Amino acid sequence: RKITDHSEVSAFALGKYVAITEILIGPSSLAGPDDYSVAGIGLSQTLDYRNNKALPTKGFVFDASIDFAPNGIGAITFVRGRVGVSYYVPVTEKTVLAFGARAGLISPLSDEELPIDERFFNGGATTVRSFSELTLGPRDDAGYPLGGESFTVFNIEYSFPIWGDVYGALFVDAGNVVQNAANFGVEDMRYGVGGGLRYNLPIGAI
């Protein structure tokens, strides 16, 4: 439901059944339950003051969600929350400095270990660049990512025109994945510094 021109809220229900047929992680117990169901409800909200949703150059967006999988409906029970904010500052007419921060936490409501499909992962083009997709954080002895119960991501990016709709970007990213929700924080942070190219289209950047 749209509350104002800049804010909206939503309620949602979730339900799924998961059966993992092949586990490469060793020992397989690190992946948690491999056959389970989840059912829950949640709320989310968005506050969006960006001047353009696809290619913003100023303003900010803040979003948050929380969902709850109670006992007695699905086999896995937990409470999970996510929050994120992005802020855009025009430096010149065509250059922009962008700041971003995101965090998430999921806490099991029973003694059973959280399944790997419900955990948070980090790393990749939309989180901490310089890391392959989903590979930042705890791993098993063979290098397979295990995910965790909390994560943080911080981004700073400066974008500038090169030619027409082709833009360059310089960025600094930081983030982590923490195995246990009780240890949520900024421990074991990993960092990436780099640059990139993008082509701006009306629907967003490639």
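Rules of the game
- Residues numbered from 1 in each chain as written.
- Predicted model: local features only at pLDDT ≥ 70, side-chain atom pairs only at ≥ 80, totals over all residues.
- Heavy atoms only, no water.
- Core = buried A, V, L, I, M, F, W, Y, C linked by side-chain atoms within 4.5 Å.
- Buried < 20%, exposed > 50% of the residue type's maximum accessible area, 1.4 Å probe, protein only.
- Helix = DSSP H or I, 4+ residues; strand = E, 2+ residues; numbered from the N terminus.
- Contact = heavy atoms within 4.5 Å.
- Salt bridge = Lys/Arg side-chain N within 4 Å of Asp/Glu carboxyl O.

Q: In this structure, what is going on with the nonpolar core? I would like to understand it.
A: One finds V38, I76 and F78 to be the most contacted residues of the largest nonpolar core, which totals 15 residues. Those elements giving two or more residues to this core turn out to be strand 2 (35–48) and strand 6 (150–163). Leaving out residues up to four positions away in the same chain, I76 has contacts with P33, Y36, S37, V38, A69, E112, L114 and P115.

Q: Honestly, the environment of K2 in this entry has me stumped. Any pointers?
A: Summarising the element assignment, K2 is placed in the segment before strand 1 (7–19). Sequence spacing of K2 and A13 is eleven residues, and the spatial spacing of their C-alpha atoms is 19 Å. Each residue touching K2, except ones within four places of it in the same chain, is listed here: S7 and E8.

Q: Please clarify how unusual backbone geometry should be interpreted in this entry.
A: Glycine aside, negative phi is the norm for most residues, and most peptide bonds take the trans geometry. Residue P27 is reached from G26 by a cis peptide bond, and omega for that bond is -10 degrees. With respect to the secondary-structure elements, P27 resides in the loop between strand 1 and strand 2. Despite not being glycine, S130 has its phi angle at roughly 85 degrees, a positive value.

Q: For this particular structure, what's the right way to read the environment of P33?
A: Structurally, P33 is set in the loop between strand 1 and strand 2. Looking at P33, the relative accessible area reads 15%, which means it is buried. Ignoring sequence-local partners within four residues, the contact set of P33 consists of I20, I76, E112, E113, L114 and P115.

Q: Please explain the pattern of salt bridges as it appears in this structure.
A: Taken as a whole and judged by the stated rule, the model has nine salt bridges. The salt bridge involving E8 is made with K2; its shortest N-O contact spans 3.8 Å. With relative accessibility at 38%, the residue E8 sits in the partly exposed group. Residues E118 and R80 are paired through a salt bridge, measuring 3.5 Å at the closest nitrogen-oxygen approach. Of the two residues, E118 is situated in the loop between strand 5 (96–108) and strand 6 and R80 in strand 4 (residues 78–90); the sequence distance between them amounts to 38 residues. Given the relative accessible area of 3%, E118 is considered buried. In this structure R80 comes out as buried when scored by relative accessible area, which is 10%. What emerges from the salt-bridge pattern is a single network uniting K16, D67, R80 and E118.

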